[in-house]
Amino acid sequence: MNTKIIVEGDKTMENAIKVAFATKDMEEINAHFGGAKEFVVYNVSKEGFELSEVIKTDSIAPEDDDKTDYRVRALKGVNIMYSESIGGTAAAKVIRAGIHPMKANESTRIEDVLKSLVQMINSNPPPWIKNIMHMQTEHDVRQDRWAEGE
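Every value quoted in this text rests on a predicted model; they were computed, and no experiment measured them.

What counts, and where the lines are drawn
- Residues numbered from 1 in each chain as written.
- Predicted model: local features only at pLDDT ≥ 70, side-chain atom pairs only at ≥ 80, totals over all residues.
- Heavy atoms only, no water.
- Phe/Tyr/Trp six-rings, centres within 6.5 Å; stacked < 30°, edge-to-face > 60°.
- Helix = DSSP H or I, 4+ residues; strand = E, 2+ residues; numbered from the N terminus.
- Buried < 20%, exposed > 50% of the residue type's maximum accessible area, 1.4 Å probe, protein only.
- Salt bridge = Lys/Arg side-chain N within 4 Å of Asp/Glu carboxyl O.

Asks: Would you mind showing me how to read the packing of aromatic side chains here?
Replies: How two aromatic rings sit relative to each other is set out by the distance from centre to centre and by the angle between their planes. Tallying each qualifying case throughout the model produces four aromatic pairs. Centroid distance Phe-21 to Tyr-82: 5.3 Å. Interplanar angle 15 degrees. Geometry classified as stacked. Taken together, the positions of Phe-21 in strand β2 (residues 17-23) and Tyr-82 in strand β6 (residues 80-83) put the pair 61 residues apart, joining distant regions of the chain. Using a relative accessible area of 0% as the deciding quantity, one classes Phe-21 as buried. Ring geometry for Phe-33 against Phe-39: centres 5.9 Å apart, planes inclined by 55 degrees, an arrangement best described as tilted. In this structure, Phe-33 and Phe-39 share a single accessibility class: buried. Ring-pair connections join several aromatic residues into one group, and the members of that group are Phe-21, Tyr-42, Phe-49 and Tyr-82.

Asks: Sorry if this is basic, but what is going on with the pattern of salt bridges here?
Replies: Any two side chains of opposite charge can pair, given that their charged atoms come close. If you walk through the whole model with that rule in mind, you get five salt bridges. With a shortest N-O distance of 3.1 Å, Glu-53 and Lys-18 are connected by a salt bridge. Residue Glu-53 is located in strand β5 (residues 48-57), and its partner Lys-18 is located in strand β2; the two are separated by 35 residues in the primary sequence. Overlapping salt bridges, with partners in common, bring together Asp-66, Asp-69 and Lys-93 in one network.

In structure tokens, the structure reads:
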């Protein structure tokens, strides 16, 4: 039996981060990374969030492939991935793929996380988020003395 990845939807939002959630019901972050049958992916920007796609993965990876590598490839292009839990080896592979793994408490609502991400983007996002979103960083006068060679 071959494992298939089904992608539904292809919306794009400008200057947005792609955030994936390991879920069993499309409403809460309630699945372990390695056991998630689907990941719901949203685009998140200053303006808000929108559903981008749903990545469905069967529980059995192809025989010649590692299950973790398979999931990491399925999440290509995602910037942040939330799950209920993730093992150390899997987390390392996710990070190497350029995805930031985030652990959520059990039964965390996806919508609540999305709203808090929008709020964070509109207030003071960390530099790595600014970089992903191609946001301009405000000029810091403390850097001037290095430019002048002091």
